[in-house]
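Each chain, written out:
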Protein chains: 4
Amino acid sequence: MIIVLKRNQEEEKVKSFIEMLTRKYEVTVNTWVGTHSTVLGLLGDTAAVDDEYIAAQPIVESVKRVQEPYKKANRKFHPDDTVVRVNENAVIGDGSLALIAGPCSVESREQICSVAARVKAAGATFLRGGAFKPRTSPYAFSGLKAEGLELLKEAKAETGLPIVTELMSIEHLPLFEDVDVIQIGARNMQNFELLRELGHVNKPILLKRGLANTIEELLMSAEYIMAGGNEQVILCERGIRTYETFTRNTLDISAVPILKRLTHLPVIIDPSHASGISWLVEPLALAAAAVGADGLIIEVHNDPSHALCDGAQSITPDQFDRLAEKVGAVTKTVRGL
Amino acid sequence: MIIVLKRNQEEEKVKSFIEMLTRKYEVTVNTWVGTHSTVLGLLGDTAAVDDEYIAAQPIVESVKRVQEPYKKANRKFHPDDTVVRVNENAVIGDGSLALIAGPCSVESREQICSVAARVKAAGATFLRGGAFKPRTSPYAFSGLKAEGLELLKEAKAETGLPIVTELMSIEHLPLFEDVDVIQIGARNMQNFELLRELGHVNKPILLKRGLANTIEELLMSAEYIMAGGNEQVILCERGIRTYETFTRNTLDISAVPILKRLTHLPVIIDPSHASGISWLVEPLALAAAAVGADGLIIEVHNDPSHALCDGAQSITPDQFDRLAEKVGAVTKTVRGL
Amino acid sequence: MIIVLKRNQEEEKVKSFIEMLTRKYEVTVNTWVGTHSTVLGLLGDTAAVDDEYIAAQPIVESVKRVQEPYKKANRKFHPDDTVVRVNENAVIGDGSLALIAGPCSVESREQICSVAARVKAAGATFLRGGAFKPRTSPYAFSGLKAEGLELLKEAKAETGLPIVTELMSIEHLPLFEDVDVIQIGARNMQNFELLRELGHVNKPILLKRGLANTIEELLMSAEYIMAGGNEQVILCERGIRTYETFTRNTLDISAVPILKRLTHLPVIIDPSHASGISWLVEPLALAAAAVGADGLIIEVHNDPSHALCDGAQSITPDQFDRLAEKVGAVTKTVRGL
Amino acid sequence: MIIVLKRNQEEEKVKSFIEMLTRKYEVTVNTWVGTHSTVLGLLGDTAAVDDEYIAAQPIVESVKRVQEPYKKANRKFHPDDTVVRVNENAVIGDGSLALIAGPCSVESREQICSVAARVKAAGATFLRGGAFKPRTSPYAFSGLKAEGLELLKEAKAETGLPIVTELMSIEHLPLFEDVDVIQIGARNMQNFELLRELGHVNKPILLKRGLANTIEELLMSAEYIMAGGNEQVILCERGIRTYETFTRNTLDISAVPILKRLTHLPVIIDPSHASGISWLVEPLALAAAAVGADGLIIEVHNDPSHALCDGAQSITPDQFDRLAEKVGAVTKTVRGL
């Protein structure tokens, strides 16, 4: 961490500031005195140093972090890729492209089981489906809740596909015992109380990037979970909010190679939410495969026009068949280069 | 709601689509057949109609909402201003400019009581102070929690100022019995499970706008609370995330007159978080007073450089004295015009 | 175009408003009178109707465009792909992936000729290189100007590669006689006087999307050029400005399939400016190939650390060799599917 | 400027890098060697140092500018406020709130003269009016051009109000001889060729902030003009592009106090373009007065519903009367505090 001090500070004040730093944090401080300004360099465990606190000191002009503020998620301290393995077939982060597919929300036994069978046949190794649905309007359908979880379990029993589904409140956790991967939605990415609790859960967490969160903030939220002891975190880029209104969100495709460099955690893409438009799902999925994502999470519905939510961005099982084939071919090409 | 259908649709399909609409929602449908396209107009309770569901229908080209999707928060159905009154002096929304002030986080008995006394003397009618603090990093100070709430109560006992403090999880609610106004932070603005619970709480809720949430989404989150029966909601603009990096956030000052027009709920501004810089707090507070805000929530710390959080944006009690005087003068001028 | 009128308007006013519409524009107006509001539907050449003018009328509640405001660029009226062909090998928009490569700025004869030879050997069919450089600071190197254009011509003479270079002012046009493709930079995307002049130029225009311009605005700027008679426009997505600060810009990869659907013009991607970081160029180029772009424009420098501009985002000729091979393989796979 | 080098660099390389820096720029370099990394501090004229060039060097980890990259616009080197004075009454930057008012575009002699007379009577000291209009669509009305300038002169002759009008191309400059203040629109804020030419013009320049430009970029564009010798630059905040769609742009009210601190140039606000909605103009103008702006530029039209452009955001002369009175009262209150 580099701290630039304001001009012409009294020597005494600088000295007592440095003493405070070494007392408060596990760091050593190097001082460089220029003609007009003094610069301090902090070495040691600067992840624990609070930038904002430093910036608030009256003698400080500005603060620049050199070291990342996340530790457990940091590839520098954990060079090998984290591989999340639910069963022999259902693996994320091993170099393959994992396909997680299913409807936005679970609607009926028939719906979830038939979609599950179809996406499995196409190559998906995880079943997604929402039982608890975050909705902007209090008047909109918000999922079948406990009943939806039961139906997911039936689909799992029939197909063997592990379940990925969203948790919206820690109170619902007891219902999630048979869930394989817990999804945390974009709107809860900085629900810190929830993240803290997930640190004590023994299941992989699929953590979606918030609508307007930076890559670093996503990693800090992963760090919350990991700091509690749960290191099985899958990061998901699902589009960010920008000024462009054609799509619901703007897919930040660059986030994949950046995250792969900064962290050892697997990174997947959700082209369905990123665009909100079904005809964009396939090209974005192909881009994700080419850019090096570890997986895709895709909304597939047997009858999108009757979907209880997100119909406009859902693709049909037939479309998913084609998509799976194509992304498979691109992955094979890219990995073989 | 106006629905534009795709070109050249079979009459039969259009008919069955219209039947579905009238069956599913409490609306009547008017049809206008143009040369190339057909447009449907829906009348009735369209707030309950799900745009996305409609947009997903294969015969639909586009959907345009004419009526707002919120009802209880809508000024059209409730023309008179909602006034939130905690006690005789502590009122928000009655035409005055309410001042809510205090430290980012409660740190000690002495700190909270001395700040409380100072801000009260300057004209504040509410005491703010965080006991549960949302922090980006799991390694940062996250508040004194239950102990912090106890200290707030002591400051209230000493000064008579009602308490405004943040709730991060519904599980903490029992601790908030003596809290006067529950604050919901920007990062929880779309924590729908939490919002739903707040609908059953008999206390005013100070709801902060999310970092990247639209004005309509803020109103929909207020609607969540109101739909549950709690109509005492105070809206707070606290800066939105934009590409500009000089300030932590960009204060959307226009949100005040827009919200005042769309809703009957009171609207306040948080210039401290909006800027993240202490020397911007006063000019932004003056702008807020001039633009018609119902109140201000401001971070005041007896010693910002030793604040455990948000020191860089906190002002001192002396600075608050001056600010209170100035915003009072501007409010008097503007209200008198 | 759908116009929703305000509630309870006098019949006379509505009538005279409709008369104005039919007198002023080549449209017919259909009226649909609902219980509370009146909706007008305009048919005909609504691209010429000014939304803002309509929205300013006192009886108008809101306006919604159904038809796109661009005509010549619209795929609906020109379903076949536009193919820009400079010579037998240098073609953009024919289903292949065109590679445009070269240094950010032309620095010397040796530099431009050696880079040109290398990128040609790797498969590039166009040479890029800046002679006039837009720079944020008036004190930064702003290109060799006329001399730079001469050096580009020499590189063209040696390699046969057609030249793509940026025009910043119409006054420089006489110098561009031997330039093959004129590039208009992001900061001039809405320099309407310049665009209008380009309508009378008989050369392909490579039009870059502005930092904060929507897809529709990009198409409207293309329309400016096309309206003047020059229909050879190549669109270029080069990253948009968002709140994310890790990269210089955020590549909006979705813009490619969206533009390919809305317009018949070819669409290319600039991964160098989109990221500003050399190690992101290859993965983003692969994503561009997979998503269906018609070409790539890439900064290649023989010695990036001595580049007079954009060194941080330039790749070396060796890196370009690998990139060209990889994107070729992905294009082959995707086009073959 | 602080340069952090990558870890474990050879001493020789560091030495030759430092030699390059001192040779290339007028700086002295101080070196601070930490346990793991080496940090360099540059002193001297670092405004001339190109961050990007430095960042591209292979041994550089990151670069942080301590000194601002603008000089002539920098308050540090020019502490006193710049006052732009066109005549005895028409002054911007002297502590008063200058009012610049008039229609979006000049439409007829009668229109411009009658509006001019009305805004003068209300207290405006400058007349605005567009003769050359930047329009997104090539099919929209783009101003009366030379004829419009003639009409502005007539209005000036009648009222004595100096003229503020937009220049879109340097080729039109000869027509602007009688124009008092040249406006550069948001879309041309980074038209560097135009800015450079304006450096040689002996008239004040009203420079609008671009749709997605940072405060620093605005200052760099002012620096372009000033570097050429023209130091009479007025900065104008007119709303920036964000994700919020209720308003056309988002007024960045904080830009005023920030700019007033960073630069000695006067700063005004355009509440008409910032919102795009006529009923927002007054509250935003009041906020501007309170926050410390040096002036306002406001669209006033005798008949907004027949305005050839921007009718939806224009206010009437009667509304301007009230606005002028109110902002006068707020200015008096704020300046008197």
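In case you missed it, the structure is sitting above this.
One structure accompanies this document, and this report is about it.

## A few points about the interface of chain A and chain B
- Of the residues lining the interface, 47 residues belong to chain A; the matching set on chain B comes to 47 residues.
- For the pair chain A and chain B, the summed buried area comes to about 4,200 Å², and 51% of that belongs to carbon and sulfur atoms.
- Together, Pro 138, Tyr 139 and Glu 193 of chain A form the three largest contributors to the area buried by chain A at its contact with chain B, with a combined 15%.
- Here chain A is connected to chain B by six salt bridges.
- A salt bridge links Arg 248 of chain A to Glu 52 of chain B; its shortest N-O distance comes to 3.3 Å.

## Digging into the interface of chain B and chain C
- In this complex, chain B contributes 18 residues to the contact, which on the side of chain C involves 18 residues.
- Carbon and sulfur atoms supply 76% of the area buried between chain B and chain C, which totals about 1,600 Å² over both sides.
- Summed over the three residues of chain B that lose the most area to chain C, namely Trp 32, Leu 43 and Lys 64 of chain B, the buried surface amounts to 37% of that side.
- Where chain B meets chain C, there are zero salt bridges.
- For the pair chain B and chain C, the interface holds two residue pairs in polar contact (both at pLDDT 80 or more).
- Residue assignment for the side of chain B that touches chain C shows that the elements contributing at least two residues are β1 (2-5), β2 (27-33), β3 (38-44) and β4 (60-64) of chain B.

## A few points about the relation of the copies chain B and chain C
- The two copies are related by a screw motion: chain B maps onto chain C through a turn of 180° and a shift of 0.0 Å along the axis, at an RMSD of 0.0 Å. Here the transformation between the copies is reduced to the relation of a two-fold axis. Using C-alpha coordinates, one finds that chain B approaches the rotation axis most closely at Tyr 243 of chain B, a distance of 2.1 Å.
- Residue by residue, 100% of the interface of chain B is reproduced at the interface of chain C, so both copies engage with the same surface.

## So, the packing of helix α9 (residues 278-291) of chain B against helix α10 (residues 317-336) of chain B
Residues and elements named next belong to chain B.
- Relative orientation of the contacting elements α9 and α10 amounts to 20°, with a least axis distance of 8 Å. When the axis of α9 is compared with that of α10, the two are roughly parallel. The interaxial crossing formed by α9 with α10 has right-handed handedness. Seen from α9, the contacting residues are Val 281, Glu 282, Ala 285, Leu 286, Ala 289 and Ala 290; seen from α10, they are Arg 322, Leu 323, Lys 326, Val 327, Val 330, Thr 331, Val 334 and Arg 335.
- Of the residues belonging to the contact of α9 with α10, the class tally is nine nonpolar, one polar and four charged.

## Focus: the relation of the copies chain A and chain B
- If you rotate chain A by 180° and push it 0.0 Å along the axis, it lands on chain B with an RMSD of 0.0 Å.
- When the interface residues of chain A are mapped onto chain B, 100% of them are again interface residues, pointing to one common binding face.

## Quick notes on the sheet that holds strand β14 (residues 295-299) of chain C
Residues and elements named next belong to chain C.
- With respect to topology, eight strands assemble into a closed barrel ordered β7-β8-β9-β10-β11-β12-β13-β14, the strand pairing being parallel. The mean inter-strand angle of the sheet, taken between neighbouring strand axes irrespective of direction, is 25°.
- Two elements, strand β7 (residues 98-102) and β14, share five bridges in a ladder whose sense is parallel. Each bridged residue has a counterpart across the sheet, and for Gly 102 the counterpart in β14 is Glu 299.
- Of the strands in this sheet, β8 (126-128) and β9 (163-166) are in contact with helix α4 (residues 146-159), which crosses β9 at around 165°.

## What to know about the pairing of strand β7 (residues 98-102) of chain A
All names here are of chain A.
- In terms of burial, β7 is largely enclosed, as five of its five residues are buried.
- With burial as the criterion, each face of β7 is covered, one bearing Ala 98, Ile 100 and Gly 102 and the other bearing Leu 99 and Ala 101.
- The pairing of β7 with strand β8 (residues 126-128) spans two bridges and is parallel. When the sheet's bridge partners are listed, Ile 100 is paired in β8 with Phe 126.

## Topic: the pattern of salt bridges
- Summed over all chains, the structure comprises 84 salt bridges over all chains.
- For the salt bridge of Asp 294 of chain B with Lys 260 of chain B, the shortest nitrogen-to-oxygen distance reads 2.6 Å. Of this pair, Asp 294 of chain B sits in the loop between α9 and β14 (295-299) while Lys 260 of chain B sits in helix α7 (residues 255-262); the two residues are 34 residues apart in sequence, bridging distant segments of the chain.
- Overall, Asp 294 of chain B belongs to the buried group, its relative accessible area being 4%.
- Taking relative accessible area as the criterion, Lys 260 of chain B reaches 18% and is therefore assigned buried.
- If you follow the salt bridges from partner to partner, you end up with Arg 209, Glu 237 and Asp 252 of chain A together with Glu 244 of chain C in one network.

## A word on the packing of helix α6 (residues 215-227) of chain A against helix α7 (residues 255-262) of chain A
Residue and element names in this part refer to chain A.
- For the pair α6 and α7, interaxial distance at closest approach is 11 Å and the crossing angle is 50°. As judged from the angle between their axes, α6 and α7 are oblique. α6 and α7 meet at a crossing whose hand is right-handed. Residues Ile 215, Leu 218 and Leu 219 of α6 form the contact with α7, whose own contacting residues are Ala 255, Ile 258, Leu 259 and Leu 262.

## A closer look at helix α7 (residues 255-262) of chain D
- Where burial is concerned, most of α7 of chain D is hidden: seven out of the eight residues are buried.
- Taken together, the buried positions of α7 of chain D are Ala 255, Val 256, Pro 257, Ile 258, Leu 259, Lys 260 and Leu 262 of chain D.
- Lining the buried residues of α7 of chain D we find α9 of chain B together with α6 (215-227), β12 (233-237), β13 (267-269) and α9 (278-291) of chain D.

The rules behind these values
Residues numbered from 1 in each chain as written. Chains lettered and ligands numbered in written order. Predicted model: local features only at pLDDT ≥ 70, side-chain atom pairs only at ≥ 80, totals over all residues. Heavy atoms only, no water. Contact = heavy atoms within 4.5 Å. Buried area = accessible area lost by both parts, 1.4 Å probe. Salt bridge = Lys/Arg side-chain N within 4 Å of Asp/Glu carboxyl O. Polar contact = N/O pair within 3.5 Å; in protein donor to acceptor, adjacent residues only side chain to side chain. Helix = DSSP H or I, 4+ residues; strand = E, 2+ residues; numbered from the N terminus. Least-squares fit on C-alpha atoms with pLDDT ≥ 70 in both. Axes fitted to C-alpha atoms, helices over the stretch in contact; angles between N-to-C directions. Parallel < 35°, antiparallel > 145°, perpendicular 65-115°, else oblique. Left-handed = near helix turned anticlockwise from the far one by under 90°. Nonpolar A, V, L, I, M, F, W, Y, C, P; charged D, E, K, R; others polar. Pairing = 2+ DSSP bridges. Buried < 20%, exposed > 50% of the residue type's maximum accessible area, 1.4 Å probe, protein only.

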